[in-house]
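# Per-entry structural report
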Amino acid sequence: LAKTTQPISMDSYEGQEVNITCSHNNIATNDYITWYQQFPSQGPRFIIQGYKTKVTNEVASLFIPADRKSSTLSLPRVSLSDTAVYYCLVGDTNTGFQKLVFGTGTRLLVSP
Amino acid sequence: EAGVTQFPSHSVIEKGQTVTLRCDPISGHDNLYWYRRVMGKEIKFLLHFVKESKQDESGMPNNRFLAERTGGTYSTLKVQPAELEDSGVYFCASSQGRTLAATDTQYFGPGTRLTVL
């Protein structure tokens, strides 16, 4: 399973765009990249997943460069309720991916 | 649609006692997973059920932990006897179980906080 590296924490203000980058230098061909969000006293919640280029859904965008050694989660116009821990996970489609491997995550604090 | 539920939300027991945690997955989900976060550290995988069968239990710390999923519906995780280092938050997740594992999103429950005194 590929090891991931993320910033420990980030601060932002309401209305700003937040970009959280994750490094995964030893990502394998079959690996997908998934981001989860976790609020205090809750379980992790799926945000977005991608394999290459760009993926967008109603809450976020995921940018993956051609070499796939990193990925960036983009949260447009954050609000106070986006304060949470964000996890980047990389896993094999066939075997290990179902055994999600969480790192320490990035703690995002959004202020007024 | 109801999400993954876990019971109890918090349990406080003494060292040497037994505790059983319960997880009810989303209806129709074949896959069920247990994870835990110990002492504020990273969330770590414990085991994975496909219906009632244990697919992967490589993360179970020792034989004091026993997970079951009789009938392929809800699951229980029993710790017997509990030790101080077992304190933490135990999360359960479920997924539908599709052919392409990468798109088989896991939905997590709120977790059970276990405190062993």
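The structure contained in this document is the topic of the report that follows. What you see is a predicted model, and the numbers here were worked out from it, not measured in a lab.

### A look at the state of the cysteines
Counting across every chain of the model gives 2 disulfides over all chains. Across the disulfide, A:Cys22 is cross-linked to A:Cys88 (sulfur-sulfur distance 2.2 Å). When the S-S torsion is -80°, as for the bridge of A:Cys22 with A:Cys88, the disulfide is left-handed. Here the residue A:Cys22 occupies a position in strand β2 (residues 18-23), and A:Cys88 occupies one in strand β8 (residues 84-92), the gap between them amounting to 66 residues. Using a relative accessible area of 0% as the deciding quantity, one classes A:Cys22 as buried. Judged by relative accessible area, which is 0%, A:Cys88 ranks as buried. Disulfide pairing is shown between B:Cys23 and B:Cys92; the S-S distance is 1.8 Å. Its S-S torsion of approximately -60° makes the covalent link between B:Cys23 and B:Cys92 left-handed. Here B:Cys23 is found in strand β3 (residues 19-24), whereas its partner B:Cys92 is found in strand β9 (residues 88-95), with 69 residues between them in sequence. Residue B:Cys92 is classed as buried on the basis of its relative accessible area, which comes to 0%.

### With respect to the packing of aromatic side chains
All names here are of chain B. Under the defined criterion, the tally for this structure stands at 11 aromatic pairs over all chains. For the pair Tyr 35 and Phe 108, a centre-to-centre distance of 5.3 Å together with 40° between the ring planes defines the contact as tilted. Of this pair, Tyr 35 sits in strand β4 (residues 31-38) while Phe 108 is found in strand β10 (residues 107-108), placing the two residues 73 residues apart along the sequence. In this structure Tyr 35 comes out as buried when scored by relative accessible area, which is 0%.

### Comments concerning the sheet that holds strand β7 (residues 70-75) of chain A
All names here are of chain A. Judged by pairing direction, the sheet is antiparallel, and its 4 strands sit side by side in the order β2-β7-β6-β5 without closing on themselves. The open sheet has two edge strands, β2 and β5 (53-56), and neither has a second partner. Strand after strand, the sheet turns through a mean of 15° between neighbouring axes, direction not considered. Strand direction decides the pairing type here: β2 and β7, joined by 6 bridges, are antiparallel. What sits directly across from Ser 23, in β7, is Ser 70.

### Quick word on the pattern of salt bridges
Residue and element names in this part refer to chain B. For the coordinates displayed, the defined rule picks out 5 salt bridges over all chains. With a closest N to O distance of 4.0 Å, Glu 83 and Lys 15 form a salt bridge. With Glu 83 in the loop between β8 (75-79) and β9 and Lys 15 in the loop between β2 (10-13) and β3, this pair connects stretches of sequence that are 68 residues apart. On the accessibility criterion, Lys 15 (51% relative accessible area) is exposed. The partner of Glu 85 in a salt bridge is Arg 64, with the nearest N and O atoms 4.0 Å apart.

### Re the sheet that holds β3(B)
Residue and element names in this part refer to chain B. Pairing within the open sheet is antiparallel, and its 4 strands lie in the order β1-β3-β8-β7. Edge positions in the sheet fall to β1 (5-7) and β7 (65-68), since each has one partner strand and no second. Between one strand and the next, the sheet's axes are offset by a mean angle of 15°, whatever the strand orientation. Sheet topology note: the β3/β8 ladder contains 5 bridges and is antiparallel.

Calculation criteria
- Residues numbered from 1 in each chain as written.
- Chains lettered and ligands numbered in written order.
- Predicted model: local features only at pLDDT ≥ 70, side-chain atom pairs only at ≥ 80, totals over all residues.
- Heavy atoms only, no water.
- Disulfide = S-S within 2.5 Å.
- Helix = DSSP H or I, 4+ residues; strand = E, 2+ residues; numbered from the N terminus.
- Buried < 20%, exposed > 50% of the residue type's maximum accessible area, 1.4 Å probe, protein only.
- Phe/Tyr/Trp six-rings, centres within 6.5 Å; stacked < 30°, edge-to-face > 60°.
- Pairing = 2+ DSSP bridges.
- Axes fitted to C-alpha atoms, helices over the stretch in contact; angles between N-to-C directions.
- Salt bridge = Lys/Arg side-chain N within 4 Å of Asp/Glu carboxyl O.

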